[in-house]
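# Structural overview for review
One-letter residues, chain by chain:
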Amino acid sequence: MSKTVRLTMAQALSRWLAAQRVAVDGVETPYFAGIWAIFGHGNVAGMGEALAGMEDALPTYRAHNEQGMAHAAIAFAKASRRRRAMACTTSIGPGATNMVTAAALAHVNRLPVLFLPGDVYASRRPDPVLQQIEDFADATVSANDCFRAVSRYFDRITRPEQIIDALPRAMGVLTDPALCGPVTLALCQDVQAEAYDYPESFFAPRLWRQRRPRADRAEFDRLVEAVRTAKAPLIVAGGGVLYSAAETVLANLAAQTGIPVAETQAGKGALAWDHRQALGSIGVTGTSAANAAAEAADLVIGVGTRLQDFTTGSRTLFAGKRLIQINIAAPDAIKQGAEAVVGDARETLEALAEALADWQVEAAWRDANRAAVAEWNAAWDAATAPGTALPSDAQVIGAVWRQAGEDAT
């Protein structure tokens, strides 16, 4: 019979979070760098007490605004290339709902954050509690239901033993490259302080590894054939290039083949700005070189991008082009009529470089893009030269949208 340890649910949750590990650049490290917290009724007696004894293994960072601390957790996840994350705990009611905007941001951008808002009493003995939402038609409604629409995984913990299944499921979503996004575990405040005999094995350290699925053979072969027959191919690099650590592979592929590369907002930094195939940003806030390449391209290859409206000029920039999407998430891979290549960005680009070892773009396409980049850089240097009066933000925004309108027509 397995050994058990008696802990409150909050103590068990905190101990389990501290035991989760990942490898970053070959070094094993805690997945959760800490937990942001604003304590009040709904989480102070449970999570507050538990975290007080976990400072060394799971640091607590006190905040003064719930939305702000959640955005800080999002920034950490993005800077960590989704390899690590942070948690956020709040009181019930407005303390919890203040994080909903941040949860939506994390959901849109596929960034991992663990939200742990306090919730109503599972027992309903002190019902209603302060700041509890009372739905006269549905007694199960809680303010935390707001998180359902902006969470990749949502659960309400109404019994202490439920975390034995809920926490691994939550971690599976946070670390899955295709499902990755915010997770919400709404913690009923009485259950946080309720004790249970947890198996000691539940708290054993666990190493979570990054999954790198390879593309389907038929999908990949179509991609190779499309590139080989294209006269003017273009790669659009999104955030997935960074999250897959595919920057070096992308740079080598672009140098080897001469295929120009434009970047989305999330993909900034996927290619060094002075790489010979770098076109800069694309779309509404893009460079003239990147947008001209998109207009002239006969094949657009998206890599790790969700093709949002700024990238695509609200679906006008790639209209009429053959579009192929390399993406680990199938729903993103098929957007806007794209031909899907579902797989890890780094694995797919490595295989593509091998398949195109004897192929390069036509010299005219390569030279045209380099000339466009030189023209853009010269214009930028002139506009930012010392003593030059820079345009106002309003003028810049106006010019961007005028150009977008011209591109659309």
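Residues numbered from 1 in each chain as written. Predicted model: local features only at pLDDT ≥ 70, side-chain atom pairs only at ≥ 80, totals over all residues. Heavy atoms only, no water.

So, on to the nonpolar core. A general tendency of soluble globular proteins is for nonpolar side chains to be buried together. With 54 residues, the main nonpolar core has Leu223, Leu234, Leu250 and Ile282 as its most contacted residues. Non-local contacts of Leu234, meaning those with residues more than four positions away in its chain, are made with Ile259, Pro260, Ala262, Leu279, Ile282, Ala293, Ala294, Ala297, Leu299, Val300 and Ile301. (Core = buried A, V, L, I, M, F, W, Y, C linked by side-chain atoms within 4.5 Å. Buried < 20%, exposed > 50% of the residue type's maximum accessible area, 1.4 Å probe, protein only. Contact = heavy atoms within 4.5 Å.)

On to the environment of Ala385, then. Relative to the assigned elements, Ala385 resides in the loop between helix H15 (363-383) and helix H16 (393-408). Ala385 sits in the partly exposed class, given a relative accessible area of 27%. (Helix = DSSP H or I, 4+ residues; strand = E, 2+ residues; numbered from the N terminus.)

Right, let's get into helix H5 (residues 100-108). The complete set of buried residues in H5 reads Val100, Ala102, Ala103 and Ala106. An end-on view of H5 places all buried positions within 155° of arc, on one side of the element. Tucked inside the fold, the buried residues of H5 contact helix H3 (66-79), helix H4 (94-97) and strand E7 (114-119). Phi for Arg110, located one or two positions after H5, is positive at around 55°. (Arc of directions from axis to C-beta.)

So, about the packing of aromatic side chains. In this structure the tally under the stated criterion is eight aromatic pairs. Both rings, one in Trp16 and one in Phe202, keep their centres 6.0 Å apart while their planes meet at 25°; by these two values the pair is stacked. Taken as a pair, Trp16 in helix H1 (residues 9-18) and Phe202 in the loop between strand E10 (195-199) and strand E11 (206-208) lie far apart in primary sequence, 186 residues in all. Summarising the burial analysis for this pair, Trp16 and Phe202 share the class buried. Judged by centre distance (5.6 Å) and plane angle (40°), the rings of Trp36 and Tyr61 are tilted. Residue Trp36 is found in strand E4 (residues 32-37), and its partner Tyr61 is found in strand E5 (residues 60-62); the two are separated by 25 residues along the sequence. What makes Tyr61 partly exposed here is its relative accessible area of 35%. The structure contains a cluster of three or more aromatic residues connected by ring pairs, namely Trp16, Tyr196, Tyr198, Phe202 and Phe203. Positioned above the aromatic ring of Phe203 is the side chain of Arg15, whose terminal nitrogen or guanidinium carbon lies 5.4 Å from the ring centre. (Phe/Tyr/Trp six-rings, centres within 6.5 Å; stacked < 30°, edge-to-face > 60°. Lys NZ or Arg CZ within 6 Å of the ring centre and 35° of its normal.)

Attention now goes to the packing of H1 against helix H2 (residues 44-52). Where H1 meets H2, the closest approach of the two axes is 8 Å, and the angle between their N-to-C directions is 45°. Classified by the interaxial angle, the pair formed by H1 and H2 is oblique. The two elements H1 and H2 cross, and the hand of that crossing is right-handed. Judged by residue contacts, Ala10, Gln11, Leu13 and Ser14 of H1 engage Gly46, Met47, Glu49, Ala50 and Leu51 from H2. Grouping the constituent residues of the contact of H1 with H2 by class yields five nonpolar, three polar and one charged. (Axes fitted to C-alpha atoms, helices over the stretch in contact; angles between N-to-C directions. Parallel < 35°, antiparallel > 145°, perpendicular 65-115°, else oblique. Left-handed = near helix turned anticlockwise from the far one by under 90°. Nonpolar A, V, L, I, M, F, W, Y, C, P; charged D, E, K, R; others polar.)

Here we come to the side chain of Glu66. Position of Glu66 relative to the elements: it lies in helix H3. Buried Glu66, no salt bridge; nearest opposite-charge side chain is Arg62, N-O distance 9.3 Å. Separated by 2.8 Å, the side chains of Glu66 and Asn98 make a polar contact. (Lys, Arg positive; Asp, Glu negative; His and termini not counted. Salt bridge = Lys/Arg side-chain N within 4 Å of Asp/Glu carboxyl O. Polar contact = N/O pair within 3.5 Å; in protein donor to acceptor, adjacent residues only side chain to side chain.)

Pairing is parallel in the open sheet, where six strands are placed in the order E14-E13-E12-E15-E16-E17. Looking at which strands have only one partner, the edges of the open sheet turn out to be strand E14 (278-281) and strand E17 (339-342). This sheet shows a mean twist of 20° between the axes of neighbouring strands, independent of strand direction. Alignment of strand E12 (residues 233-237) against strand E15 (residues 299-303), held across five bridges, turns out to be parallel. Bridged to Val236 within E15 is Gly302. Helix H14 (residues 345-355) contacts E15, strand E16 (322-327) and E17 of the sheet and is inclined by roughly 125° relative to E16. (Pairing = 2+ DSSP bridges.)

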